[in-house]
Structures are given as C-alpha cells and as structure tokens.
Amino acid sequence: MQRFDAIVIGTGAMGAATAYQLAKSGVRVLGIDRYDPPHSFGSSYGDTRITRELYNYGLQVDLVRRSNQIWREIEVEAEVKLHTMTSGVFIGNPSGDDNAWITGLSTEGRLHNIEHETLSPAQLSAKFPAFRLQGDEPGLFEPGAGVLRPEACIKSQLRLASRLGAELHANERVTSIAESSGCVSVHTNHSVYEADRVVITAGPWINCFLSSFLASNIHAYRQAVYWFDIEEGSIDTLEPPNFPIFVWQVGSDSHQMFFGFPALDGPSGGLKIATEQYEVVANPEEMDTSVSDLEAETMYRDFASRIKGLSRRVVKASTCIYTVTRDWEYVLDWAPESDRVFVASACMGRGFKHSTAIGEAIAQTISSGNSEIDLSAFRISNRFAAS
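Residues numbered from 1 in each chain as written. Predicted model: local features only at pLDDT ≥ 70, side-chain atom pairs only at ≥ 80, totals over all residues. Heavy atoms only, no water.

A. Examining the sheet that holds strand β3 (residues 49–51) more closely. Read from one edge to the other, the open sheet built from three strands follows the order β3-β8-β4, with strand pairing classed as antiparallel. Either end of the sheet is taken by a strand with one partner, and the two such strands are β3 and β4 (83–85). Between one strand and the next, the sheet's axes are offset by a mean angle of 30°, whatever the strand orientation. Of the strand pairs in this sheet, β3 and strand β8 (residues 146–148) are connected by three bridges, and their pairing is antiparallel. Within β8, the position partnered with I50 by the bridge is V147. (Pairing = 2+ DSSP bridges. Helix = DSSP H or I, 4+ residues; strand = E, 2+ residues; numbered from the N terminus. Axes fitted to C-alpha atoms, helices over the stretch in contact; angles between N-to-C directions.)

Okay, here's the thing in structure tokens:
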C-alpha cells in the first residue's frame, strides 16, 4: 500500500493549486481526480474566468491579491500566459435597494485602497459604447480587473506539481475515506492509499465525502454559459481596451445579474456571457449538460441583447456547476469529525480567482497548522443551523 504525506481528492482549480503548493513545500502528495483535468464535468473550465478586487466582502481582497501574485509566479515558472488585465465595469440597477450593491462595492474599494472610479450613465456609455443601458444605471470602473484562462491555469499547476514530485492520478474515482491507526485510508476503484492528511477539493462531488449535516448545507447548481456571435464590423468595440469584463445587476438584488468578457480570441470565438441560477439543485452525476434553444433564446432576449454588436446566433454553449453554501461563504476547515481531513468548498462562482491563494493557505495549514491568510471566517463551527 502506497503511503503519502497528503492526498488531494479532486484536482480542479482548488485541488491543482493545493497539490502544487504542497509539492512546492516538500510534502509528498498524491492528487486524484475521477476525470482528466482540466475537464468539462465540474466547475473549472470555460475558456475564461473573471479576476477582480472589488467585492462586498473584505477578506476576498486578501485572497485575490495573493492569488494574482501567485498567478504571475506560475506564469514565469510554467512559461505560459494565464492572466490578462482588461479592466472591469460593474453596472447597477437603480431600483435595487437604492443601488446598495454598487454603493457597497465603492465602500470596499475606498476601505481597501482598490483603484476604482464611479461612472455616470453618460460616462459609462462614452467609455464603453457597446453597453446598451436601459436607463439611469450607475457604474464602477476597476482598471485592475482582468481575465484568467482556467484550463491553462489548472494544467500549468498540475505540470509544476508533477515536476516537484507530486504523483497525479487521472481517471480514478475515490469510493471512500476511512480514518484509522493514525492515518487516513483512501479507497478508489483502482487501489487503496494511506496518508497523514487528506484534502477534499471535489467540487460538486464533495458531498459524497461529508457528514449528512454538513452536506445538507452545501448544494450544487447547474449553470449555462453562452458565446454569442459577433456581428460583422463590431469586433473593435468588443475587444480590450474598448470592452472590459463586466458584472451587470439587472434586477432588484445582486443575485439578479449577468456577467461577461471581452472578445479575447477575435470574432470567430464569440463573446462569452452568463447568468446564475440558484433555484434548481443539480446532481453532478445526472445533470443535463446540453443547452436548449429555448435557454439560448431567453438568454439573448433578457441579457445578451443589452450588448451592442451581438447577434442571436450562439457560437457555442456549455454548462458548469456551482457549489454553494447556505451562508454564501467558503468552507475551509478540518472536517468536524476528523483532524486529518480538510474540507475545501464551495466555489460559488467566484472561487477560481481565489484558488491559488486558497491552495497556498491549505498547504500551509497542512504543513504547519497555520496559514498566512486568516481562514477563521471560513470555519465550519457556529455557521450552520440544523436543517
């Protein structure tokens, strides 16, 4: 039976970062994934991911700033481009709680010295003419926002982890975890392994390994993502620097929104936009990964039509899965029933941009018991009421 210092279950965004950081610190680590990452069955794919500092949660600033530093370090080590600065715009809806979302973002920006600028609707239209504003919609401009390439990010970290001695097993499914005799046994469909510590970064499959109480507080939701065709002659207004990443609140609260990216790959790649839904819980084993014509038509009517230069034609569409806790915050903590099993969930759509710093913090916790970034806000204790 093979014995490791640590085993990471799931090597998507969080798992790849954790395996890389553990290997970098000299830990003998095994990473296991039921598929061959980067893959399209979970959350960590889709060509692009947003990175930004402006949030309504102060701790996110520490995570994203450290993550951006690590992305730059990985780019040098792996000799690959991962991070592109494009700038970002956040557009509010004046009917939503006196636009509390935009006000909160601006307050956080001032508190944490994040460079940003308030834009009136006229200023927003002048700076980014592709936005078809619906009325008196205020905006915030963040020059430091940008785009990550998720597949390249994961592939680079796994390659670096392997170079540093990590053992990586793709297409191997973990069936159970059992703690005994001062170690953790990890059973798979191929073998059994032992480790001093186990880190569960299994995305939407994480509930397979959690107690029923904790699992009842983490849910998975299917999300659809679209790349709309760019009309002839419109590419100039949809590429950087004339088009940023954006998040646009279109309803009365911050969950009624859509987001999108500039056309980084020219007109043939289309322009990627998506929204979020948290009504229908998904099972990753049974989730419908197709996107219907009706879904695409609804997406264009309600959201994509607000971007000038997009046609109704969908270049491509795909699905992904968000894992979400009841209190809309990460779980980064030892499992309640074990001091040898560390749980890292849920990404909630924003986890990719924080994943490298979270992976580093988990590795530090595994190696020394403490992390440089304070993870106490993400502990399990006292957060969830009984269902």
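B. Highlighting the nonpolar core. With 93 residues, the main nonpolar core has I7 and L332 as its most contacted residues. In contact with I7, other than residues within four places in its own chain, are L30, I32, V186, Y193, E194, A195, R197, V198 and V199. Core analysis: the next-biggest nonpolar cluster, separate from the first, contains 29 residues, I91, W248, A296 and M299 among them. (Core = buried A, V, L, I, M, F, W, Y, C linked by side-chain atoms within 4.5 Å. Buried < 20%, exposed > 50% of the residue type's maximum accessible area, 1.4 Å probe, protein only. Contact = heavy atoms within 4.5 Å.)

C. Fine view of the sheet that holds strand β17 (residues 310–325). Here eight strands make up an open sheet; going across it, the order is β6-β7-β5-β14-β15-β16-β13-β17 and the pairing mixed. At either end of the open sheet lies a strand with only one pairing partner, and these are β6 (117–119) and β17. On average, each strand axis in the sheet is tilted by 20° relative to the strand beside it, whichever way the strands run. Inspection of the sheet shows strand β15 (residues 257–260) paired to strand β16 (residues 271–275) by three bridges, in the antiparallel sense. Pairing of G260 across the sheet is with I273, part of β16. Set on the sheet, helix α3 (residues 100–111) makes contact with β5 (88–91), β6, β7 (139–142) and β14 (245–249); between it and β5 the angle comes to about 140°. In this fold helix α8 (residues 293–302) packs onto β13 (218–230), β16 and β17, with an angle of close to 75° to the strand it touches most, β13.

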